[in-house]
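What follows is each chain in one-letter form.
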Amino acid sequence: MGFRAVLLDFRGTLVPAPTYRDLVRGGLARVGRPTEPDDVEAVLTLLRAGDRSLVDAPDVDTDVERHRAAHDHWFRTARLDDDLAAALYAVESDVAAAPFAYDVAPVLSALSAAGVALAVVSDIHVDLRPAFAAQRAPGGGSLADLVSAWVLSFEVGAAKPDPRVFRAALDALGVPAADALMVGDRGAWDGAAAEQGLTALVLPPLTSPQECRLHRVLDLALPR
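Structural notes, computed from the coordinates. Predicted model, so just to flag it, every value in this text is computed and none were measured.

**Some remarks on the packing of aromatic side chains**
Then comes step 1: The final tally for this structure, using the stated rule, is six aromatic pairs.
Then comes step 2: Seen from their ring centres, Phe10 and Phe100 are 6.0 Å apart, and the 65° between their planes marks the pair as edge-to-face. Placement of the pair is Phe10 in the loop between strand S1 (5–8) and helix H1 (20–30) and Phe100 in the loop between helix H4 (82–93) and helix H5 (104–113), with a sequence separation of 90 residues. We note that Phe10, like Phe100, is buried.
Then comes step 3: Ring pairing ties together the aromatic residues Phe10, Phe100, Phe132 and Trp150, which thus form one cluster.
Then comes step 4: The ring of Trp74 is capped by Arg52, whose NZ or CZ atom sits 4.6 Å from the centre of that ring.
Then comes step 5: Sitting over the face of the ring of Trp189, Arg186 holds its NZ or CZ atom 4.3 Å from the ring centroid.

So this is what it looks like as structure tokens:
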């Protein structure tokens, strides 16, 4: 088996999926407040009482202003002060701070060296290119240099599992669906690529950069 292209999700696939506990701890640290477990739990209790219905909307990542407004509403209904609310949103949006899994660079480099085109396909409200540009690739250059197409929900105005997302990636790479592999961590979202004719590999959500599981992508994408 082999594929001409691999489409890669970002959070939960290449970097650990953020947790609300991490978000709160980072936000408290940004405003110089204590980050002991009790302090974090106190903020989490407030957030649980807030209205996060707008944040949970399936297309919240398709528009930057909508994403910010949804979080502002959540933090306001949770009765957070303005400084902490701004800090929490800054942490949530700081994708460059997320550590790539240790196997990302060698696997992406191996795929690229074998002539497999790469696309990053993410439901996200911020540009991921700088985060990839900051990561060095084996042999020189950056991870961004290995990526041929970027399909980010806030840029295309659609989010997975919308077929337009997968179509945009295939069109950008110039490959048919049958020759592409979608790799992600959410069955209902990333796995929906199968409905568009792609092969889908759904991995357990990444929780630590030490977890190495992308060798499974090489097993599928590179012909033996």
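**Examining the sheet that holds S1**
Then comes step 1: The strand order across the open sheet formed by five strands is S3-S2-S1-S4-S5, and the pairing between neighbours is parallel. Each end of this open sheet is capped by a strand with a single partner; those strands are strand S3 (149–152) and strand S5 (199–202). Geometrically, the sheet is characterised by an average inter-axis angle of 20° between neighbouring strands, direction not taken into account.
Then comes step 2: In terms of strand pairing, S1 meets strand S2 (residues 117–122) through four bridges, oriented parallel. Residue pairing in the sheet places Ala5 in a bridge with Ala117 of S2.
Then comes step 3: Across the sheet, helix H8 (residues 163–173) is in contact with S1, S2, S3 and strand S4 (180–184); its angle to S2 comes to roughly 155°.

**Description of the side chain of Ser122**
Then comes step 1: Looking at the element boundaries, Ser122 is found in strand S2.
Then comes step 2: With residues up to four places along the chain from it excluded, the contact list for Ser122 reads Asp9, Phe10, Leu128, Val151, Leu152, Ser153 and Lys160.

Reading the values: rules and limits
Residues numbered from 1 in each chain as written. Predicted model: local features only at pLDDT ≥ 70, side-chain atom pairs only at ≥ 80, totals over all residues. Heavy atoms only, no water. Phe/Tyr/Trp six-rings, centres within 6.5 Å; stacked < 30°, edge-to-face > 60°. Helix = DSSP H or I, 4+ residues; strand = E, 2+ residues; numbered from the N terminus. Buried < 20%, exposed > 50% of the residue type's maximum accessible area, 1.4 Å probe, protein only. Lys NZ or Arg CZ within 6 Å of the ring centre and 35° of its normal. Pairing = 2+ DSSP bridges. Axes fitted to C-alpha atoms, helices over the stretch in contact; angles between N-to-C directions. Contact = heavy atoms within 4.5 Å.

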